[in-house]
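Here is what each chain is made of, one letter per residue.
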Amino acid sequence: MPQPSDRGGRPDPIVGTPPRMINAEAAAVAAANLARYQPGQRAGHYESYFVRANHPTRRLAFWIRYTLFSPHQRPEHAIGELWAVCFDGERSVHVAAKSELPMAQCSFDCHAFHARIGTAELAPGRLQGKATSGLHGITWDLTFSGAAAPLFLLPHKMYEASLPKAKTLVPLPLAHFCGALSVDGTALAIDDWVGSQNHNWGTKHTDLYAWGQVAGFDSHPQSFLEVATARVKLGPLWTPPLTPMVLRHDGRQHALTATGQAFRARGEWRYFDWQFASENDEVRIEGEIRAPREAFVGLRYYNPPGGEKHCLNSKIAACEVTLAHKRGGHVERLTTANRAAFEILTDARDHGIKIEA
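Heads up: these notes are all about the structure in this document. (Residues numbered from 1 in each chain as written. Predicted model: local features only at pLDDT ≥ 70, side-chain atom pairs only at ≥ 80, totals over all residues. Heavy atoms only, no water.)

## Section: the overall build of the protein chain
Tallying secondary structure elements over the protein chain gives two helices and 24 strands in all. Over its C-alpha trace the protein chain gives a radius of gyration of 19 Å, about what one expects of a compact globule, namely 21 Å for 357 residues. In the protein chain, 60% of the contacts between residues at least 6 apart in sequence involve partners at least 24 apart. The distance from the centre of the 38 positive side-chain charges to the centre of the 35 negative ones in the protein chain is 5 Å. (Helix = DSSP H or I, 4+ residues; strand = E, 2+ residues; numbered from the N terminus. Rg over C-alpha atoms; globule rule 2.2 N^0.38 Å. Contact = heavy atoms within 4.5 Å. Lys, Arg positive; Asp, Glu negative; His and termini not counted. Charge placed at Lys NZ, Arg CZ, Asp CG, Glu CD.)

This is the structure:
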């Protein structure tokens, strides 16, 4: 009898899986870290590679983002954006910095995993750079490693489709980071902090979303959660919330990502608390991600069609997840006090978070 392979908890797809599904997954995995932007394209585009990680025991985290932004029909105004935020939840002091450079000084490779903004680079297993804005400056020289399979929050076939207009995936969950950061001149050693390497892109930002991720729970260090609740505006109308989620736990992957399933799921948030739930024939997953207002920084995201969004960003949120197994009735509880990523993207301006970069 065929045995499961080491595919991040997923069974080997050969038995009982239609070839077209195998091909879609293989293509998505192969392209997980390849840039989708074509230099000079007139269609608007944003594309980001970001890494994030938490200190093993303390309420500290970092987030670093290499972004390409090209406004619709104006490729000559394309730029690279280099972001960095260091979160210090022990003192409630967070430092954010952002540098912008013309696209002529940047490159995002569509054939290999490589991004460059000025002299800052991101490549397999390493990243280095510096972001500055105002009085703040953050430099980094880091390595990262891991063996987990890529994680997809959308069905595989959607990554090459025209809809949705925004795509996101995790090429390397449970990444281990080592090296050094300097935050406004103060050195911070990064010694086996755990997080992830991520990739997202699209022709416009999702109109409204909450996004969350846990790279290792306090109670279950090898478990990984990726979840979002999103709404899209179609003319004057809003879609109902869609809440796809993936939980890798105890050697299995629970991917509740099909479009119909995401519509049936529950996802509700307010500043700054979010509840979500979804289920299939085997499991029901319920969770909450929350953080106090002082755990967030505000960031300004340019939108390719025009305008800008506010991203309320925390990497030191709390998360609780209940995993109920329908066959046998076993219930498990996964928790973390401050290792969850929590972002809200919005057009609203009543959130009370200062925009730092």
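## So, the pattern of salt bridges
A complete count under the given rule lists 17 salt bridges for this structure. Between arginine 284 and glutamate 286 there is a salt bridge whose closest N-O contact spans 3.3 Å. The partly exposed category is assigned to arginine 284, whose relative accessible area is 26%. Across the salt bridge formed by glutamate 320 and arginine 290, the nearest N and O atoms sit 3.3 Å from each other. Pair noted here: glutamate 320 is in strand E23 (residues 308-325) and arginine 290 is in strand E21 (residues 283-290), with a separation of 30 residues, a long-range link. Via salt bridges that share partners, Glu279, Arg284, Glu286 and Lys326 belong to a single interconnected network. (Salt bridge = Lys/Arg side-chain N within 4 Å of Asp/Glu carboxyl O. Buried < 20%, exposed > 50% of the residue type's maximum accessible area, 1.4 Å probe, protein only.)

## Some words on unusual backbone geometry
Along the chain, leucine 163 connects to proline 164 via a cis peptide bond; the corresponding omega equals 0°. Within the secondary structure layout, proline 164 lies in the loop between strand E10 (151-152) and strand E11 (166-183). Cis rather than trans, the peptide bond between tyrosine 271 and phenylalanine 272 has omega equal to 0°. Along the chain, the position of phenylalanine 272 falls in the loop between strand E19 (266-270) and strand E20 (273-279). The backbone of glutamine 73 shows a phi angle near 65°, a positive value even though the residue is not glycine. You will see that aspartate 250, though not glycine, has its phi angle at about 55°, which is positive. Structurally, the position occupied by aspartate 250 is in the loop between strand E17 (245-249) and strand E18 (252-256).

## A short note on the nonpolar core
Residues Leu225, Ile289, Leu299 and Phe342 are the most contacted members of the largest nonpolar core, which totals 54 residues. No other element matches E23, which puts seven residues into this core. Grouped together as the second largest cluster of nonpolar side chains are 38 residues, Tyr49, Leu60, Ala131 and Phe144 included. (Core = buried A, V, L, I, M, F, W, Y, C linked by side-chain atoms within 4.5 Å.)

## With respect to the pairing of strand E4 (residues 93-102)
Of all 10 residues in E4, seven are buried; the element is thus mostly enclosed. Direction of pairing for strand E3 (residues 79-88) relative to E4: antiparallel, over a ladder of 10 bridges. By the bridge assignment for E4, isoleucine 79 is matched with proline 102. Following E3, the chain reverses through four residues before pairing antiparallel with E4; serine 92 in that reversal takes a positive phi of roughly 55°. (Pairing = 2+ DSSP bridges.)

## What about the environment of leucine 142?
Within the secondary structure, leucine 142 sits in strand E9 (residues 136-145). Judged by relative accessible area, which is 0%, leucine 142 ranks as buried. On a C-alpha basis, the gap between leucine 142 and threonine 336 in space is 25 Å, while along the polypeptide they are 194 residues apart. Filtering out sequence-adjacent residues up to four positions away, leucine 142 remains in contact with Phe62, Ile64, Gly125, Arg126, Leu127, Cys178, Gly179, Ala180, Leu181 and Ile190.

## So, the pairing of strand E1 (residues 45-54)
Each regular strand displays side chains that alternate between the two surfaces of the sheet. Of all 10 residues that make up E1, 10 are buried, and the element is covered over most of its length. Burial along E1 is two-sided: the face carrying His45, Glu47, Tyr49, Val51 and Ala53 and the face carrying Tyr46, Ser48, Phe50, Arg52 and Asn54 are both buried. Summarising the sheet, E1 and strand E2 (residues 60-70) pair through 10 bridges and their orientation is antiparallel. Each bridged residue has a counterpart across the sheet, and for asparagine 54 the counterpart in E2 is alanine 61. Remark: five residues form the turn of the hairpin made by E1 and E2, two consecutive strands paired antiparallel. Bridge count for E1 against strand E12 (residues 186-202) is nine bridges, and the pairing is antiparallel. Paired with glutamate 47 across the strands is tryptophan 201, a residue of E12.

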